Amino acid sequence: MNDTRPIIGITMGDAAGIGPEIVVKSVADPTLTSVCRCVVIGDAQVFQRVAAGLSINLKFTPFGSGGRDATIEVVDLSNLNTDFLIGCDGAETGKASAEYIVAAVKLWREGKIDAICTAPISKKAIGLGGYQFPGHTEFLAEMTSTAEFAMSFFTGDLRVVLLSTHHPLVDAIKLVTKERLTRLIRFSDRTLETLLGHRPKIAVAGLNPHASEGGMFGTEEANDIAPAIDECQGLGVDVSGPYSPDTIFLRGFRGEFDAVVALYHDQATIAVKSLSFGTAVNVTLGMPLIRTSVDHGTAYDIAGRGIAEAGSMKAAIRLAGELVHGSRVRVRI
């Protein structure tokens, strides 16, 4: 009987953080492996040690040997010593975590996996390891020669697309321009229509308190945000705003809109994590490959203690499989 499960390449992330733990906990869940063929990409001895420490009975076998009956396929890079430090940034673990991403993209290019799901990395650690990228998104964009892309978060009926990501706030504010926002709204309309199967209803958050309340608290809404919305409406995009940023995300979460455009990193992530921390999924839009990830970082403070929650990792793997099959997207555990 043919195996119709989508093949998801799951990178281990930074081994000094909770990446190995949440990956092991996820692939040990039979409700997940029944719908996705999970291929873990990392260091096999780390996976095996973590599984043993969690008293999880998993056998890791080379990719291509099948992933049934407590057997998980692994692409073993064997790039870590056994004595690396847990809970801190390191050049060795940072370099290794970047190499897992490179290996995953290679497998995708070769047609051996259908999608990539990434455990968290440390931006500082990959820098120490010689890879100068501000995060997964930019790293993958460089590797796939993707010029137009965006970070987004999916949770339930809420999808949030970010205008900017890892920038100091003073710089992020300068990036709120009519031209950039117009491009992002149109890009979101195209990419989300493909994912959702219908033209999305998009809301745009304001930048200032109460979306400036008619110019009382700032000029960005009148000078850049509203003109961008008007232009996109003229092009047939179902978009409205700007809305007060302290309420629009909850309205999206309740299903009033298909997506909310956020104007800077923390405007999006504070809302998403407050509403559904541990179940949201980071989705990179615009790339030729499907890539999902968790909604949290390496959590060095709890690494190695066996207490990390794997909910977001499971949701990310499941969503990657749904996107491969072209399902209407709604994150669930």
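From a predicted model like this one, the values you see are computed outputs, not experimental measurements.

A.B. asks: Tell me about the overall build of the protein, and please be specific about residues and values.
C.D. replies: Helices and strands together make up the secondary structure of the protein, namely 12 helices and 12 strands. Against the compact-globule benchmark of 20 Å for 333 residues, the protein has a radius of gyration of 20 Å, which places it among compact chains. In terms of principal-axis extent, the alpha carbons of the protein reach across some 60 × 45 × 35 Å. Every one of the 333 residues in the protein was classed for burial, and the buried ones make up 55%. Accessible surface computed for the protein: about 13,800 Å², of which carbon and sulfur atoms make up 52%. Looking at the protein, you have 31 positive and 37 negative side-chain charges, and the mean spots of the two groups are 4 Å apart.

A.B. asks: Before we move on, could you go through the environment of L323 and cite the residues and values that matter?
C.D. replies: By secondary structure assignment, the location of L323 is in helix α12 (residues 311-325). Residue classification places L323 among the buried residues on the basis of a relative accessible area of 12%. In this structure the C-alpha to C-alpha distance between L323 and G234, which are 89 residues apart in sequence, comes to 30 Å.

A.B. asks: Can you explain the environment of L275? Please cite residues and give values.
C.D. replies: Residue position: L275 is located in helix α11 (residues 265-276). Under the relative-accessibility criterion, L275 is labelled partly exposed at 31%. Sequence separation between L275 and L158 is 117 residues; the distance between their C-alpha atoms is 9.8 Å. Each residue touching L275, except ones within four places of it in the same chain, is listed here: L158, F249, L250 and F253.

A.B. asks: Tell me about helix α1 (residues 19-27), residues and numbers included.
C.D. replies: The element α1 is extensively covered by neighbouring structure, given that 8 of its 9 residues are classed as buried. Listed as buried for α1 are G19, P20, E21, I22, V23, V24, S26 and V27.

A.B. asks: Go over unusual backbone geometry, please, and point to the residues and values.
C.D. replies: Looking along the chain, the bond that leaves G241 and enters P242 is cis, with omega of -5 degrees. Within the secondary structure, P242 is located in strand β9 (residues 239-243). The backbone of S55 sits at a positive phi, close to 60 degrees, despite the residue not being glycine. Tracing the sequence through the fold places S55 in the loop between α3 (44-53) and β3 (59-62). Overall, the relative accessible area of 68% leaves S55 in the exposed class.

A.B. asks: Could you give an account of the pattern of salt bridges, naming the residues involved and the relevant values?
C.D. replies: This structure, assessed with the given rule, holds 13 salt bridges. Its salt-bridge partner being E193, residue R199 comes within 3.8 Å of it at the nearest N-O pair. R199 sits in the partly exposed class, given a relative accessible area of 41%. Take E193: its relative accessible area is 34%, and that puts it in the partly exposed class. Overlapping salt bridges bring together K106, E110 and K112 as one network.

A.B. asks: Requested: an account of the nonpolar core, with residues and values cited.
C.D. replies: Grouped together as the largest cluster of nonpolar side chains are 86 residues, with contacts concentrated most on I10, V40, F60, L181, M313 and I317. A total of 9 residues in this core trace back to one element, the largest contributor, which is helix α4 (residues 91-109). Residues contacting I317, with those up to four places away along its chain left out, are I8, I10, S26, L32, C36, C38, C117 and T292. With 16 residues, the next largest nonpolar core counts A203, V260, A262 and A271 among its residues.

A.B. asks: Any chance you could break down the pairing of strand β2 (residues 37-42) for me, citing the residues and the numbers?
C.D. replies: Burial within β2 is extensive, with 6 of its 6 residues counted as buried. Side chains R37, V39 and I41 project from β2 onto one buried face, and the interleaved C38, V40 and G42 project onto a second face that is buried too. The sheet contact formed by strand β1 (residues 7-11) and β2 spans 5 bridges and is parallel. Bridge assignment links I7 to a residue of β2, and that residue is R37. Examined bridge by bridge, β2 and strand β4 (residues 71-76) share 4 bridges and lie parallel to one another.

What counts, and where the lines are drawn
- Residues numbered from 1 in each chain as written.
- Predicted model: local features only at pLDDT ≥ 70, side-chain atom pairs only at ≥ 80, totals over all residues.
- Heavy atoms only, no water.
- Helix = DSSP H or I, 4+ residues; strand = E, 2+ residues; numbered from the N terminus.
- Rg over C-alpha atoms; globule rule 2.2 N^0.38 Å.
- Buried < 20%, exposed > 50% of the residue type's maximum accessible area, 1.4 Å probe, protein only.
- Areas by Shrake-Rupley, 256 points an atom, 1.4 Å probe, with all protein chains shown as cover.
- Lys, Arg positive; Asp, Glu negative; His and termini not counted.
- Charge placed at Lys NZ, Arg CZ, Asp CG, Glu CD.
- Contact = heavy atoms within 4.5 Å.
- Salt bridge = Lys/Arg side-chain N within 4 Å of Asp/Glu carboxyl O.
- Core = buried A, V, L, I, M, F, W, Y, C linked by side-chain atoms within 4.5 Å.
- Pairing = 2+ DSSP bridges.

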